[in-house]
Amino acid sequence: TCDAYLLLLSTVNGSKTRAAIRAGWLSDLRNVSNKLSFRHVFVVGHEGHFNDTLKKLSEEMNQHNDILLLPFIDSYWNLTIKVSLMLKWPTILNQCRYIVKLDEDVYVRARRFTNMIRNLPTSLPI
């Protein structure tokens, strides 16, 4: 188990943003976590053809193992579908005390975030 599972909404073409997050605040979060454990995944849908998107993302997926490619066409209008599918994904549910949904344009202040997780009442549901 872990303390928090971070679900970061991303897009197929968001590789530069994902790289910046991995090198930036996500790295900071791991450095200041001090006895807290975090998991993260970038949530992406496909652009028309699932297999074409899989080919486009396969190198990054193999290198980082942190992309969840969901079976739906990713668009602003399908945001509700994206969030619903990611919360139903079996590998995410019940693995951590808390689930945190983030957009990829959000900056997380690592110390503040870890303090918040540390100070949440343990009786709260996910």
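Scroll up for the structure.
Residues numbered from 1 in each chain as written. Predicted model: local features only at pLDDT ≥ 70, side-chain atom pairs only at ≥ 80, totals over all residues. Heavy atoms only, no water.

S.K.: Please clarify how the overall build of the chain should be interpreted in this entry.
M.R.: When helices and strands are tallied, the chain shows 5 helices and 4 strands. Counted from the first residue to the last, the chain has its helices and strands arranged as β-α-α-β-α-β-α-β-α. Across its three principal axes, the chain shows a C-alpha extent of roughly 45 × 30 × 25 Å. A fraction of 72% describes how many contacts in the chain between residues 6 or more apart in sequence connect residues 24 or more apart. For the chain, the computed accessible surface area is about 7700 Å², with 53% contributed by carbon and sulfur atoms. Taken together, the 16 basic and 11 acidic charged side chains of the chain have centroids lying 8 Å from each other. (Helix = DSSP H or I, 4+ residues; strand = E, 2+ residues; numbered from the N terminus. Contact = heavy atoms within 4.5 Å. Areas by Shrake-Rupley, 256 points an atom, 1.4 Å probe, with all protein chains shown as cover. Lys, Arg positive; Asp, Glu negative; His and termini not counted. Charge placed at Lys NZ, Arg CZ, Asp CG, Glu CD.)

S.K.: What is the right way to look at helix α3 (residues 50–64) in this model?
M.R.: The α-helix advances 3.6 residues per turn, and as a result positions three or four apart in sequence lie on the same side. Taking 1.5 Å of rise per residue, the 15 residues of α3 would be expected to cover 21 Å, and the 20 Å separating its terminal C-alpha atoms lies within 8% of that figure. Of all the bends in α3, the greatest, near 55 degrees, is centred on L57. Residues of α3 that are buried include every one of T53, L57, E60 and M61, and no others. Residues of α3 that are buried make contact with α1 (15–23), β2 (38–46) and β3 (67–73). Positive backbone phi, at 50 degrees, marks N65, one or two positions downstream of α3. (Expected span 1.5 Å × (residues − 1). Bend = angle between axes of the 7 residues up to and from the residue. Buried < 20%, exposed > 50% of the residue type's maximum accessible area, 1.4 Å probe, protein only.)

S.K.: Sorry, what's going on with the state of the cysteines here?
M.R.: Linking two cysteines covalently through their sulfur atoms gives a disulfide. Inspection of the entire model under this criterion finds 1 disulfide. Residue pairing for C2: its cysteine sulfur links by disulfide to C96, the two sulfurs lying 1.5 Å apart. Residues C2 and C96 are joined by a disulfide whose S-S torsion is about 70 degrees; by sign, that bridge is right-handed. Linking C2 in strand β1 (residues 2–9) with C96 in strand β4 (residues 96–103), this pair joins segments that are 94 residues apart in sequence. Look at C2 and you get buried, because its relative accessible area is 5%. We classify C96 as buried; its relative accessible area is 8%. (Disulfide = S-S within 2.5 Å.)

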